[in-house]
Each structure stands twice: as C-alpha cells, then as structure tokens.
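# Residue-level structure breakdown
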Amino acid sequence: MAKEKETEKKPSRLEAKAEKATAKKEEINKKLKEIKEKILEEKDEKEKEKLRKERDLLIEERDAIIITDDKVVIPMAKKAKKALISCIAIVCVVALLCTYVATGAAKHGFISSLGWPQKTFTGMVITDVDGEKHNVKVSTYNYYFAVYYNNLQQSQSYLAQYGAGDSSQVDFDKAFAKQTTEDEDGKKITWAKKAEDEVLHNIKDVYGYYYAAVKANKGKEPEITEDQKKELQETLDEYKKSAKEYGFTLSAYLMAAMGDGVDADTFTHEATVSYIADNYKQDYQKDLTNKEYTEKELNDYLEKNRDSLVSVDVKFFEASNADDAKAFVKALKDDGSNFAELAVKYAEDDDKATYKDELETTYYNATRSAFSNLGAALATPTEEKDDTDNEETKNETPGLDWVFSKDRKAGDKKVYSTSVVYILKPVNLSDAKTVSVRHILIQPETKDENGETSTVNLSEADKDQKKAAKEKADSVLKEYNDGTKSEDAFAALAKKYSSDSNASDGGLYENVVPNQMVSSFNAWCFDSKRKAGDVAIVETEYGYHVMYFVSKNDKLVWQYTAQTALASENSTTKFDEIEKKVKVKKAYPGAFYFEIDTDIDR
C-alpha cells in the first residue's frame, strides 16, 4: 500500500520539479539580460570582468537545466566539473586560506598545535556499500569543515552582493554554537549542529564513491589523471608561496588555515580522494553512456517517451515584448521569406547585426527541451486546476502543444506571448545523426589598468580587439594547414591555443545533437555536405572557432538521447544504492577534536 502511494506521488513531484526548474531558468534569463545591459554600460574594466564572470556562471547554470516530459535533469556543466572537482571538494581556491584565516582560524598562532590527536585519532567510522568498516581520521573531518565553511561564506557573500541574503544566514562574527537555524524538517538546531551534519554527509558521499572506486580497481587506489596531478601541484605551489610570505612552512600554514591536523600530506590525500571519487562517478556514467543498448530497449523508451524525442524544423524569434511579437507575426509573409528581416527590425540594438544571418532564427530538429533551453516564452508552463478533488495545479505548455501538434503543417505561424514561430517542417521523428567535432576558441583580448590580459566575448569587443582575434584564428588555421593536417595535430593546437573549457580535451565535443550549440556553430556541424577532416573558421558571439569535423556518428539523435536517458537512469540507481548503503558514525574520543567553527569561541 505504501509503495502504491509513493508511486502516485511521483507525477506531481516531477511536475513540481519541472515547474521549479522552469521558473529557475526564467529567473536566470532575466538576470542575464540585466547583466548584459550592465556590461555594456560599465566603463571600469575590473567591474566589467566581474560581471562577465557572473554572466558565464549563470549561462552554465541555465544550460545545465534540461526539462523533458518524463524527467528534469540538472547535470553539472563540464567547466563547472573541472572547477569544483566534486560537489564539496575545492582544491584550487587559494582564497580559501585567506578567507578562513581572516575569520579567526589563526587566533592561536600558526604553530599552536602540531595536530597530533587529529592525525592519530579515528574521528569517524564509515561503512561502505558492502558493509566493510573503515576508520577515518579527525584531520579528514577538519579538512572538510574548512571546505564547508569557505563555501558557506562565499555563497552568503555572493547572495548579499546581489541583494539576495536573508535572516536565515549565519553570522561569521559569532560562534556557530551560539546561533540557531532550521534543519530540513523545520526543527530548530544550532549552526554548529547543522555544520557538523552537512560535513559528515559530504564526507560520507565522497568516501562512499572513493571506496567503491578502490574495490572496482581490485583493492588498489586508482591513479588520478595527469591534469589532476598538475592541478593539485599548482595549488600546493600557490599555497607554498603564500606560506613563505608569512615565513612559515606549508604544513603550518595549512593547519592554521584549515584546522588542526590538516597538514600538506592531509591536504594532498583528501584532494586525491575527491578526484578519485569524482572520476569513479564520471567513468561509470561514461561507460553506461557508451553501452550498446538493444534495439528493443531503445524502441521501448521511444514508445514511452515519444513526445520528448520528436522534433520540428522552425523559424523562431523571441521578442522583447508581446506587442513587438504581435507586430512581427502580423508583418510576416505567408512563405516566411522576411523572417530574418523582421528579426533584425525587432531585435535589441546590440543583437541586430547578429540576426542579419538567417541561420540565427532557423532551428532544425528542435525538440521540446530545445525550446526550454532557449528560454522561449512558448515553453513556459501555465498553471491550471487539476480535475481531482485535491485541488493540485498541473503544468501545461499550450505554446509547445501547438508547435508539436499533429495538425501542424508547413507555413503555419503563431505568436505566443513574446515568442514567434513559423513551421518549416511539422512534428516528426528525425533521421538526423549526432556528430563529433573539435574546435579552437579564439576570443578577443583586453588589458586592465594593471596591464593584465583577459578574454572577452566577441559581442563585447571593440573593432581592434575583434580584428586581432580574427587574425590569430587565421594564423592558427594556417599553422594546422601547414602541418600534418591530422586530428591529433588539431587536438594539440586546441590544447595550446583554445580558451574554451574543453581545451585540455583537444577541443573535442562528442555526440553533438542539433541545437546544442549556438546557431552558426550548429549550422556548420550539421551541414549535409560536411565530411571528416573539414576545417573552417566559424564566428559566434563568443569569438572565432577554428573548426575540425571528426565524424558523423552511427546513432540517430533520438537513439542517442534515449541511450543517454537510460544510462542516466541506471547510474542514478547505482548511485542511489551507494548513497543509501554507505553510513558514517562519529567515533570517540576523536570526535572531541572536530573543528566547530573558527575557534573564536575557545
């Protein structure tokens, strides 16, 4: 009976999750528009750079939210994965030390303790997925507490900066044990208790995957990648430099900053454990994604999820307001031939040049989720009363329902709120295949008042900066053409020159699906004439992309989407099992040596 009730709840939970995700995307799009305006108006280069970083983080957050009919997926963006390593382990944030020290961790001096009890005593016992128990030192807890503390302070600072702070936040000038908050059930607890609960939970999660990785590697600790080794060493080098400025050893500096027992060996070990745990998760998901699902499994998924897999070919434009959208569709010719012309007319001033390219408003093989990812008004759910007695609301998307209706035919046009859509090809199960490409992103460069160089998007660069970037892209392409013209040679150039987050992967994007990339990038990838080894320079709002076409893959887009979804379901089941079975328990007397805030109450 309990299981039946749980099953009944799932649809409403999914709807609620989808509603929240959609609202989140709308909120992000609104913030992006505001930040874009600020960037254009801002004269100070340092302030501009801050705004750009905020913008890029918001774009990553928005693009990571994928909404389909049967699930809401919020994967971590590739760039974010590299920066965060895992959900709680920060390795490359030098500011962590300065932040933590500044709030009182060093009150007793840099060498107040050698950290003997913390490095010797067991602070926790972790039971892995197979029931085997592992003793974990107090120093591990103190390391994760420092990470938690820093994340908490950084997030509150960020929220306060943009006026989003609230009374539930912690006061870092007071002891955690003397402040209260609420747990997930609304029960009042101290901040010291909340911090301890979350730190233990984070340790449980990371170490659960770490022990699974070790067992999968026949009981031996797996090696981390060369890039990870390099990243870790660079971080330690930065810390050594900071320690030297204070006249202390690296270990003394780390213990002052991160807590008793967290010396250089502990820091290196915990960072490595985090890398291994994250690698295990990513490798497991990758293996499942590469798994060959049977034709029956794929077709079964298609039968249950056809609405999220079918696509349309359309011309699409998002106007600034509903009146412009109505005027747009009223002036639109029956054959749609003036769509791009109208897009230029009704685009914001800084976007008019972009819309002169007809590709900017043309979308082939667009799925329902593609419109959601575009932030289209026609993808916004409306709330309607459910027919049942429980008076719950249900989410409907009448705009998308119109677009994907079987009644549609080529030439149909519609305005929905601020969205204008013109049907080129009505709903169908596309025969498009995924493609794999490499690229080298060359962005314009700018210098601040201190002479430090940074990159900017093409849309924000001046004429000279754009010219310099284009010349550099031309020279990179020439360097490729003057060489062996192999994929490996191109990958090496990507590692050397590209400013994109996938430079370390040789600029590789595998299994690209239609509308995943910005329009001109997308159009080049899916040109029917494209063949392996093709190269070109493609211009987008981000910069100049030196392109290399790797291959058109065997799988149809819908099959790859189905395979990815099945892999996600399977990996979620596996990860849920690990997180459910792994347990953590405090051990005494070691737990007496846990950090409880920054020592300000001792």
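Our subject is the structure that appears above.
Residues numbered from 1 in each chain as written. Predicted model: local features only at pLDDT ≥ 70, side-chain atom pairs only at ≥ 80, totals over all residues. Heavy atoms only, no water.

### As for the pairing of strand β12 (residues 419-428)
Sheet topology note: the strand β7 (residues 311-318)/β12 ladder contains seven bridges and is antiparallel. Its bridge partner lying in β12, V314 is registered against I423. Direction of pairing for strand β11 (residues 413-416) relative to β12: antiparallel, over a ladder of four bridges. Across the sheet, the residue bridging to V415 is V420, located in β12. The antiparallel pairing of β11 with β12 creates a hairpin that spans two residues between the two strands, and S417 there sits at a positive phi of about 60°. (Pairing = 2+ DSSP bridges. Helix = DSSP H or I, 4+ residues; strand = E, 2+ residues; numbered from the N terminus.)

### Describing the nonpolar core
In this structure, F176 and M258 are the most contacted members of the largest nonpolar core, which totals 52 residues. A total of 14 residues in this core trace back to one element, the largest contributor, which is helix α7 (residues 191-216). In this structure F176 touches F145, Y149, L152, V170, T190, W191, A192, A195, I596 and D597, once residues within four positions along its chain are discounted. V314, Y363, A370 and V421 belong to the second largest nonpolar core, which has 17 residues in total. (Core = buried A, V, L, I, M, F, W, Y, C linked by side-chain atoms within 4.5 Å. Buried < 20%, exposed > 50% of the residue type's maximum accessible area, 1.4 Å probe, protein only. Contact = heavy atoms within 4.5 Å.)

### With respect to the packing of helix α8 (residues 226-246) against helix α9 (residues 250-258)
Following both chains from N to C, one finds α8 and α9 inclined at 90°, their axes separated by 9 Å at the closest point. Here α8 lies roughly perpendicular to α9, going by the angle between them. Every residue of α9 that contacts α8 at L236, Y239, K240, S242, A243 and Y246 is listed here: L250, Y253 and L254. Residues of the contact of α8 with α9, tallied by class, amount to seven nonpolar, one polar and one charged. (Axes fitted to C-alpha atoms, helices over the stretch in contact; angles between N-to-C directions. Parallel < 35°, antiparallel > 145°, perpendicular 65-115°, else oblique. Nonpolar A, V, L, I, M, F, W, Y, C, P; charged D, E, K, R; others polar.)

### Side note on the sheet that holds β12
A sheet is described by the order of its strands in space; here four strands give the open sequence β8-β7-β12-β11, paired in antiparallel fashion. Edge positions in the sheet fall to β8 (362-366) and β11, since each has one partner strand and no second. Taken over all neighbouring pairs, the strand axes of this sheet differ in orientation by 30° on average, direction set aside. Strands β7, β11 and β12 of the sheet are contacted by helix α12 (residues 322-331), whose axis makes an angle of about 170° with β11.

### Some words on the packing of aromatic side chains
With the rule as written, the count across this model stands at 31 aromatic pairs. Ring geometry for Y207 and Y211: centres 5.7 Å apart, planes at 55°, overall tilted. Placement of both Y207 and Y211 in helix α7 is noted, with a separation of four residues, approximately one turn of the helix. Of the two residues examined, Y207 and Y211, each falls in the buried class. Here F317 and Y355 contribute two aromatic rings whose centre-to-centre distance is 5.3 Å and whose plane-to-plane angle is 75°, an arrangement assigned as edge-to-face. Taken together, the residues span a long stretch of sequence, with F317 in strand β7 and Y355 in the loop between α13 (339-346) and β8 at a distance of 38 residues. Here a set of aromatic residues connected by ring pairs shows up, and it is made of Y141, F145, Y149, F172, F176, W191 and F594. Of note, K281 hangs over the ring of F575, and the distance from its end group to the ring centre comes to 5.2 Å. (Phe/Tyr/Trp six-rings, centres within 6.5 Å; stacked < 30°, edge-to-face > 60°. Lys NZ or Arg CZ within 6 Å of the ring centre and 35° of its normal.)

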